[in-house]
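Close look at the chain arrangement
So the chains spell out like this:
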Amino acid sequence: MNRRGISPLIATVLIIGFTVALAAVIITWGTRFVQQTQEDVDVSTQIGLACSKLNFDIVRIECVGGGLTGDLLNITINSNSDEDIAGFTFRSTTNTGVLVDTANKALPLSGFNTWEYTWTGGASTNPTRVEAIAHVTVAGVTQVCQAGIEKVETTNVCGFTA
């Protein structure tokens, strides 16, 4: 029997060609992966920096309608820094649980300004704590600031003035 295979020279060329093609695919994927990771870290760092620069206070809380357990909660916030706040999420702790208001996420507060928000239903059962959680926007990404939380906690926040 006369069996013939490919010559050692052809086999070597095929192996080298396959290796070069595989290396090119891995390098292309690796470059994109590293660039995307770097961009994600950059945005995350900028958001963290923006959140660390936030300085705001809840300066007044009023419960409107029906006495101290009114239906509306008017919250006045004062920004004490030049960092813009993209919006807020409010939490109100009452004796029946926690109410969360996310309807005003996109209402911005520019630096060194005062902002007033009326939350319908926020004061429905005598709140004992109100929290304002800031949102910032960096590179088109809006993120909640875990460090950007301002709290007012008393036996009854209705009528609070700082």
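An account of the accompanying structure is given in this report. (Residues numbered from 1 in each chain as written. Predicted model: local features only at pLDDT ≥ 70, side-chain atom pairs only at ≥ 80, totals over all residues. Heavy atoms only, no water.)

Per the stated rule, a full pass over the model turns up eight aromatic pairs. Relative to phenylalanine 88, the ring of phenylalanine 56 lies with its centre 5.4 Å away and its plane at 70 degrees, an arrangement referred to as edge-to-face. Of this pair, phenylalanine 56 sits in strand E1 (residues 56-64) while phenylalanine 88 sits in strand E3 (residues 87-94); the two residues are 32 residues apart in sequence, bridging distant segments of the chain. Using a relative accessible area of 0% as the deciding quantity, one classes phenylalanine 88 as buried. Within the aromatic cluster, the residues linked to one another by ring pairs are Phe56, Phe88, Phe90, Trp115, Tyr117 and Trp119. (Phe/Tyr/Trp six-rings, centres within 6.5 Å; stacked < 30°, edge-to-face > 60°. Helix = DSSP H or I, 4+ residues; strand = E, 2+ residues; numbered from the N terminus. Buried < 20%, exposed > 50% of the residue type's maximum accessible area, 1.4 Å probe, protein only.)

What follows concerns a nonpolar patch on the surface. A cluster of nonpolar side chains, contributed by Ile6, Ile10 and Leu14, occupies part of the molecular surface with about 310 Å² of accessible area. For isoleucine 6, the position within the fold is in the segment before helix H1 (8-53). (Patch = residues over 30% accessible without salt bridge, like charges linked within 9 Å, V, L, I, M, F, W, Y side chains within 5 Å. Areas by Shrake-Rupley, 256 points an atom, 1.4 Å probe, with all protein chains shown as cover. Salt bridge = Lys/Arg side-chain N within 4 Å of Asp/Glu carboxyl O.)

What the three strands build is an open sheet, ordered E1-E2-E5; its pairing is antiparallel. The two strands at the open ends of the sheet, each matched to only one other strand, are E1 and strand E5 (114-120). Ignoring strand direction, the axes of neighbouring strands in this sheet form an average angle of 20 degrees. Inspection of the sheet shows E1 paired to strand E2 (residues 72-79) by eight bridges, in the antiparallel sense. Counterpart to phenylalanine 56 in the pairing with E2 is serine 79. (Pairing = 2+ DSSP bridges. Axes fitted to C-alpha atoms, helices over the stretch in contact; angles between N-to-C directions.)

Here we take up the sheet that holds strand E6 (residues 129-138). The sheet built from four strands is open, its strands ordered E4-E3-E6-E7 with antiparallel pairing. The strands lining the two open edges of the sheet, one partner per strand, are strand E4 (97-101) and strand E7 (141-153). Sheet twist, expressed as the average angle between the axes of neighbouring strands with direction ignored, equals 20 degrees. Sheet topology places E6 next to E7; nine bridges connect them, and they run antiparallel. Within E7, the position partnered with isoleucine 133 by the bridge is isoleucine 149.

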